[in-house]
Amino acid sequence: MNQLSDRLNSLSPSATLAMSQKSAELKAQGVDVINLSVGEPDFNTPDHIKEAAKKAIDDNFSRYSPVPGYPALRNAIVEKLKKENGLEYTAAQISCANGAKQSVCNAVLVLVNPGDEVIVPAPYWVSYPEMVKLAEGTPVIVTAGIEQDFKITPAQLEAAITPKTKALILCSPSNPTGSVYSQEELKGLADVLAKHPQVIVIADEIYEHINYIGKHQSIAQFPEMKDRTVIVNGVSKAYAMTGWRIGFIAGPEWLVKACNKLQGQYTSGPCSVSQKAAEAAYTGTQAPVEEMRKAFERRRDLIVKLAKEVPGFEVNVPQGAFYLFPKCDSFFGKAAGDRKIENSDDLAMYLLEVAHVACVGGASFGAPECIRMSYATSDENIVESIRRIKEALAELK
């Protein structure tokens, strides 16, 4: 008997988590799998952050926190936004959640009514359209291919906006492509949005500190957009704190209060000890952040160089995050023995089972002609994984 809700049945499972699980299953069987599917830093959380968490335990931060998070953490985020981004917020305009993923979902759920449209540039993070569907909204997919560095243009945005448009979800630096919108590119989008005041921007900036072009740019910097933008960020990527589960939104107070109301009914405030660790992340030394960024940049250069040497791959140069998103449709229709490659999901499974390298097919990211590789791994793993991939792809005829 299937008594599951239509809401649940409308959702697709996470392709990234599914591939990571399959990779783990093969590893458990003794197979030497290199996992390029997972979207998290391979570094450990910096020691001073761990020490703050230990102190929080000793200081008995073990009870419920306020729903939007401790005032000390929210004030630390206010200072971060002012110092690093030149943006003025108050603590009442900050709400912390169980990771940036919940922060995005909170914003979608408080904004979107059944039938509302939400513009989602593709390639997109797998969860964006699913969150819109969860809110009974309609994802409107706007596709930007590798020839435009996977970034939508103002003209594309203008063409996608209708009277039903409620929001735009914008991710920069991007998962899955690593593309980064420049200040000029964001200004072009802001100029379009200025003509459509009903549209709210959910700006996912979780990869802010992992960029290779200098200062991060936020669409909230433009005066006409500040009160219509919900910034989503957190400590997961920059501070190697994925498991600590602390994200936040910064935005207009009416929307933040709505997220607090929603969160108060289904999770309440995030983990107390994790909040004290996040506070230390924002207020302590930022040296580990830059050390990790430099390592990711070195790895970016390495994987781009090697991937460009793989016949059949079309590769651009990502400017942030830690993903490579090569176009691989030249392999579609080819076969190795009785195994035929029809799409990027087939190709990803072929690479897992034959090359023992875990990647993720692009269909779930809205780009079925690509695959996603995470280079949040060692230089040695990058070299070996591309060697294996090149060898396996050469067998396809």
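See the structure printed just above.
Conventions and cut-offs
Residues numbered from 1 in each chain as written. Predicted model: local features only at pLDDT ≥ 70, side-chain atom pairs only at ≥ 80, totals over all residues. Heavy atoms only, no water. Pairing = 2+ DSSP bridges. Helix = DSSP H or I, 4+ residues; strand = E, 2+ residues; numbered from the N terminus. Phe/Tyr/Trp six-rings, centres within 6.5 Å; stacked < 30°, edge-to-face > 60°. Buried < 20%, exposed > 50% of the residue type's maximum accessible area, 1.4 Å probe, protein only. Lys NZ or Arg CZ within 6 Å of the ring centre and 35° of its normal.

Brief notes about the sheet that holds strand E9 (residues 323-324)
With antiparallel pairing, the three strands of this open sheet are ordered in space as E9-E14-E13. Of all strands in the sheet, those with a lone pairing partner are E9 and strand E13 (360-361), marking the two edges. As paired elements, E9 and strand E14 (residues 371-374) share two bridges and run antiparallel to each other. Pairing of Leu-324 across the sheet is with Met-373, part of E14.

A short note on the packing of aromatic side chains
Scanning the entire structure with this criterion turns up twelve aromatic pairs. Measuring from ring centre to ring centre gives 5.7 Å for Tyr-239 and Tyr-282, while their planes differ by 80 degrees; the resulting arrangement is edge-to-face. Linking Tyr-239 in the loop between strand E7 (229-234) and strand E8 (247-250) with Tyr-282 in helix H11 (residues 272-283), this pair joins segments that are 43 residues apart in sequence. As far as burial versus exposure is concerned, Tyr-239 and Tyr-282 are alike and both buried. With 6.0 Å between their ring centres and 90 degrees between their planes, Phe-325 and Phe-365 make a pair best called edge-to-face. In this pair, Phe-325 sits in the loop between E9 and strand E10 (335-336) while Phe-365 sits in the loop between E13 and E14, placing the two residues 40 residues apart along the sequence. Taken individually, Phe-325 and Phe-365 each receive the classification buried, so the pair is uniform in this respect. Through pairs of rings, three or more aromatic residues link up here, namely Phe-43, Tyr-207, Phe-296, Phe-322 and Tyr-323. Across from the ring centre of Tyr-89, 4.3 Å away, lies the NZ or CZ of Lys-226, which sits over that ring.

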